[in-house]
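# Chain and residue survey
For reference, the chains in residue letters:
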Amino acid sequence: MDSDYAIIGGGIVGLAVAWGLLRRGLTVTVLDGDDGSFRASRGNFGLVWVQSKGMKQPRYARWSQSSARLWAEFAAELEQNTGNAVPLEQNGGYDLHFSEDTLQATVEKYEILKAELDGDYPYDVLGHNALRKEEPHIGPKVVGAILHHQDGHANPLKLLLALARDVRRRGGRVLTGKTVTEVTQPDGFELACADGTRVRAAKVVLAAGLGAARLGRQMGFKAPIRPQRGQVLITEKLPKLINRPSLIARQVDEGGIQIGATNEEVGHDDGVTQSGLSGLAAEAIAAYPALARAQLVRSWGALRVLSPDGLPIYQRSAEMPGASLVTCHSGITLAAAHAMLLPDWLEGTAAAPDLEVFSESRFAVS
Amino acid sequence: MSHRDLVIVGAGPAGMAAATEAANAGLSVTLLDEQPRAGGQIYRDVDHVPDHRAALLGPDYTAGRDLTVALRSSPVEHVTGAVVWSIEPGFCLSYSRDGRGAQLTADRVLLATGALERPMPLPGWTLPGVMTAGAGQILLKQSGVLARSAVLVGAGPLLYLIAVQMLRAGQPPLALVETQTGRNRRAALRHLGGALRGWPYMAKGLRMLAELKRGGVPRYIGAQDIRIEGDTRAEVLCFSHRGRIRRLACETVFLHHGVVPNTQAARALGVAHHWSTQQQCFVPTLDYWGRSDVPGVFVAGDGAGIGGAKAAALSGRLAALAIACDAARLTPDERDQRARPLRSARAREQAPRPFLDTAYPPCAQALSPRDETLVCRCEEVTAGTVRAHARAGCLGPNQTKAFGRVGMGPCQGRYCGLTVTALLAEATGQTPDQTGYYRIRPPLKPVTLGELASLKTPPATGEN
Amino acid sequence: MNPVLPFLEIEASSAPRVEVRFDGAPLLLPLGANLAAALLAAGIERFRNTPVSGAPRAPFCMMGACFDCLVEIDGVQRQACMIEVAEGLQITRPGSPEVRHVAS
Ligand SMILES: Cc1cc2nc3c(=O)[nH]c(=O)nc-3n(C[C@H](O)[C@H](O)[C@H](O)COP(=O)(O)OP(=O)(O)OC[C@H]3O[C@@H](n4cnc5c(N)ncnc54)[C@H](O)[C@@H]3O)c2cc1C
Ligand SMILES: Cc1cc2nc3c(=O)[nH]c(=O)nc-3n(C[C@H](O)[C@H](O)[C@H](O)COP(=O)(O)OP(=O)(O)OC[C@H]3O[C@@H](n4cnc5c(N)ncnc54)[C@H](O)[C@@H]3O)c2cc1C
Ligand code: FES
């Protein structure tokens, strides 16, 4: 055996899981694709976000909350171990509204969820003037916002770097440029890569983002995941303009304003379009009119890793005992939970979180 | 939105020649360039310069007027000051003019976006007072502005040309600090046959060297360990030469070790590129006419591989003929017949390239800078950081970008891309082709959000 | 003309000089000239400080590729080497010499 665990996928999800397993003293090999792979982990919006998650499944809201609570400790530990800071702000975040009706409708839904969460859903509704006190650059078209105090944002790229470093520092073997093409279970697991590399491990975690759809079926999972494109914009570095993040825009720690994101069902096309970029720019200017003068420096498209209901999938394989599938849409938000809580579930300890609602049994047989 | 048979980006020799040729073959052509006047880099402002300056710059420069005159008398629509920031398949070009957004559609696109100076990361290269040699030349051509106390550093004929022009203008450079070695010259002799076919160039080169010698401009050949010192601006150029450390006080340092294709637009369109060992850079993969693997996209001029101004104009014409033929304005026979003389002229132009590329290779120190040297000017990332990312598993520049922001600034990797590929290839043992290059996306040049929004067609937004 | 400036104009420009302001100070520059070249000739050595380390920068490429000549005009950061001098331009230097930690 090369290691206790082989993790397929070295994005945020795979690295967070690897990190958590290493921290428990297990040995881990991570196999990751090449420079051109689809990688949601380097194209995302960086929100550590609670509001609006799990409107139909309170367990998901709680899972997001528990990760958000662990995030600061997780980031601090990474920084301490690697010297690489993972900038994180958890001073709340906004859902901005351009109409009273949508604002009201959202508040009604939040109230229902709040009751189901025994009141643990701290948010305030800010009218335009109250919001303006918090965000002096907010535009007149914004009628108000929901300020949720459990929301925040992080630098997802610095998280990726710190994780990559710390996994190595803890003795994890990380093999890049290794696309796993076949997983067999002769005696333990054997993973075959496109370049001929073979890796053996006692257990396997499939955390390959969109790559899990293909490998998953081989390993006895349904893996019903699909890509959904998000286009994202970032401006030149600017002096402080936006205090708290929203789904529309946030100011990153380096100073640029990040604007996002479209939701497009376009298959595996991660390109950007002028109309996509223009629409995002218009919305951001409606929220913060001063942005009209900011220069757009870069844009990109990235593919979300989505299950049919948008919730994570945590599933043990019945066909290949010892193999698990871990995939989610909100990998940044959930990074701390994946690093600090999921290892118990993978190891089947008494402390394992109850993740039954996230199993594949919720999907009809296809 | 207006529609054209052909849109050409870049009004240098390649773009001007192509536009004229294509329009004369009956195509509707728009030529977009961000500069206020036609000419490109070599013929910058050629219609505009006062006689005194034109005389100084010499006949190779004023030769560009043939192209601008032909362009003006053709039916080509030349849009000046048009910064093209997006080209979408199909083709829709978005450009910015006077801070306002505009768009144009076309059946075919010819990219004639020219060359960039090869990045030359040396300690101190970001200090005010350090510029590319090309910048020095542009200052002279466009504005009649000269550096008073300048040192020229690097390798290649362009360095001699600038030195001679400065000398003629009465402000000779303090010195030429050259990085090529005697060994390079001996290796180049292998290509002397080709060089002699391009004899006029060689003769011109020799004349320039003689003129510099007469002008008393010192040359330090085989310089190493180059460093620019200064607190808030360049003050001293420091280097070692024949085992001695030299320090030259100066106010301006002009760097040059060759030019490389500006591939931003071609890459954004998904055109395949490959590494050219001879030119030590990526070049788009094209057929003989300049046709890329993306249907309807052609590339001509230095953007297709460095060949110089005359070769650029010839390749522009050849691409225009192929485009006219594809658009059924010329028969294949007509195309081939017109192409024949252009073809042999281009081969003559290209003959001295192997000799020059071998005699004046890029400066080794700048190809593999020491750890503390900044390689990404915009995000201020050092070579050592890039090497550390390679140790953390980065195989290619896109992961390095995610790990450490190299190439994320406004220049979009134009002045760090080749260096980062080289550093990664060196660290991983992969070839530059295996290592790859940054994924280039719009905007090709920054555009204000206000302008972008003015072209709006709103998409659905929702949960991130 | 000040003889110690690093750059000089080799011929007297025929263009009329117009007033612009650079960080508040008045400058007389040739109308229609390339702004970056005119500022260099007027003795401006530092165009901006970078938003990353605060390091000083000035034009490097003069062809719109490096973005080191960025200046702020009417609230927009633009490349001085791609702009022509116009009467009354209000130009400011982006960035300050101190390192900024914008949204930390
Ligand atoms: C536009 C956008 C905005 C987003 N915003 C947010 C946000 O604000 N907050 C938030 O929490 N989340 C956000 N997300 C989601 C988040 O980015 C993802 O949930 C997360 O990155 C998923 O990580 P991953 O490791 O599963 O996948 P990826 O990052 O895609 O990584 C998968 C890895 O697996 C490797 N791989 C694939 N197949 C194989 C194989 N066969 N063998 C070996 N390796 C393989 C690939 O090389 C890749 O590195 C956003 C996503 C997008 C696209
Ligand atoms: C700074 C510099 C100085 C040089 N000086 C000399 C010299 O003196 N002698 C010599 O023999 N060779 C010189 N060269 C090499 C010379 O550039 C080429 O041989 C020749 O100019 C190539 O012609 P071209 O038509 O391919 O491109 P260029 O002449 O470079 O023309 C490209 C044009 O494309 C435009 N462009 C690029 N991107 C965009 C965009 N996104 N939107 C709109 N327009 C765009 C540019 O503004 C430019 O005008 C120089 C190169 C450089 C970079
Ligand atoms: S000097 Fe490089 S962009 Fe202006």
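Rules behind the numbers
- Here, residues in each chain are numbered from 1, in the same order as that chain's written sequence.
- A letter from A marks each chain and a number from 1 marks each ligand, given out in the order of writing.
- The predicted nature of this model means local features are confined to residues of pLDDT at least 70 and side-chain atom pairs, given and counted, to a pLDDT of 80 or more, with totals for whole chains, interfaces and linings taken over all residues.
- Based on all heavy atoms of the structure, the side-chain values leave hydrogens and waters out of the count.
- What makes two strands pair is DSSP finding at least two bridges between them.
- Starting at the N terminus, helices and strands are each numbered in turn, a helix being any DSSP run of H or I of at least four residues and a strand any DSSP run of E of at least two.
- The convention used is that axes are lines fitted to C-alpha atoms, helices contributing only their stretch in contact, and that angles between N-to-C directions extend from 0 to 180 degrees.
- Any angle between 65 and 115 degrees counts as roughly perpendicular, while under 35 counts as roughly parallel, over 145 as roughly antiparallel, and the rest as oblique.
- In a left-handed crossing the near helix is turned counterclockwise from the far helix by less than a right angle, and in a right-handed crossing that turn is clockwise.
- What makes two residues a contact is simply this: any of their non-hydrogen atoms within 4.5 Å.
- Each residue gets one label: Ala, Val, Leu, Ile, Met, Phe, Trp, Tyr, Cys and Pro are nonpolar, Asp, Glu, Lys and Arg are charged, and the others, such as Gly, are polar.
- Near, as used in this document, describes a residue that has one of its heavy atoms within 4 Å of the molecule or strand being considered.
- The term polar contact refers here to a pair of N or O atoms within 3.5 Å; inside protein, the definition further demands a hydrogen-donor-capable atom paired with an acceptor-capable atom, and it admits residues adjacent in sequence only when both atoms are side-chain atoms.
- The Shrake-Rupley method, run with a 1.4 Å probe, gives the accessible areas here. Residue values count only the displayed protein chains as cover.
- What counts as buried area is the accessible surface, traced by a 1.4 Å probe, that two parts surrender upon association, with contributions from both included.
- By definition, a salt bridge exists where a carboxyl oxygen of Asp or Glu is found within 4 Å of a side-chain nitrogen of Lys or Arg.

### Some remarks on the sheet that holds strand β14 (residues 236-241) of chain B
Residues and elements named next belong to chain B. Within the open sheet, the three strands sit side by side as β13-β14-β15. Their pairing is antiparallel. Looking at the sheet topology across the chains shown, the edges are occupied by β13 (224-229) and β15 (244-249). Mean inter-strand twist for the sheet, computed between neighbouring axes without regard to direction, equals 15 degrees. Inspection of the sheet shows β13 paired to β14 by four bridges, in the antiparallel sense. The residue of β14 that forms the bridge with R227 is C238.

### Quick look at the packing of helix α15 (residues 383-391) of chain B against helix α17 (residues 417-428) of chain B
Residues and elements named next belong to chain B. Following both chains from N to C, one finds α15 and α17 inclined at 45 degrees, their axes separated by 9 Å at the closest point. One way to sum up the angle between α15 and α17 is to call them oblique. Two packed elements cross with a definite hand, and for α15 against α17 that hand is right-handed. Residues A383, V386, R387 and A390 of α15 touch α17, and the partners they reach there are V420, L423, L424, E426 and A427. Grouping the amino acids of the contact of α15 with α17 by side-chain chemistry returns seven nonpolar, no polar and two charged.

### So, the packing of helix α5 (residues 133-143) of chain B against helix α6 (residues 157-168) of chain B
Residue and element names in this part refer to chain B. Packing of α5 against α6 brings their axes to within 10 Å, and their N-to-C directions diverge by 35 degrees. The two elements α5 and α6 meet at a crossing, and its hand is left-handed. In this structure, α5 uses A133, G134, Q137 and L140 to contact α6, whose residues at the interface are L158, L159, L161, I162 and Q165. The residue inventory of the contact of α5 with α6, partitioned by class, reads six nonpolar, three polar and no charged.

### Considerations on the site of ligand 2
Close contacts around ligand 2 come from 32 residues, with A14(B), D33(B), Q41(B), Q137(B) and D302(B) the closest. Taken together, the residues near ligand 2 originate from chains B and C. Between ligand 2 and D33(B), the relevant distance is 2.6 Å, taken from an oxygen atom to a side-chain nitrogen or oxygen of the residue. Note that an oxygen atom of ligand 2 is positioned 3.1 Å from one of the backbone N or O atoms of A309(B). Here ligand 2 loses 92% of its free accessible area of 970 Å² to cover by the protein chains. Those elements giving two or more residues to the shell around ligand 2 turn out to be α1 (13-24), β4 (83-88), α5, α6 and α11 (309-326) of chain B. In terms of residues, the shell around ligand 2 owes the most to one element, α5(B), which gives four residues. Looking at the shell around ligand 2 residue by residue, the class counts come to 17 nonpolar, eleven polar and four charged.

### Details of the interface of chain A and chain B
Contacts between the two partners involve 53 residues from chain A and, on the opposite side, 44 residues from chain B. Summed over both sides, the interface of chain A with chain B buries roughly 4000 Å², with 54% coming from carbon and sulfur. The largest per-residue losses of area from chain A upon contact with chain B belong to D35(A), Q274(A) and R298(A), which jointly make up 17% of the total buried on that side. The tally of links between chain A and chain B comes to four salt bridges. One salt bridge in this structure joins R439(B) and D270(A), with 2.8 Å as the shortest N-O distance. Our enumeration of links across chain A and chain B arrives at 23 residue pairs in polar contact (both at pLDDT 80 or more). Secondary structure elements with two or more residues in the side of chain A that touches chain B: α5 (156-169), β13 (226-237), β15 (256-260), α7 (274-287) and β16 (295-306) of chain A. Of the residues belonging to the side of chain A that touches chain B, the class tally is 22 nonpolar, 18 polar and 13 charged.

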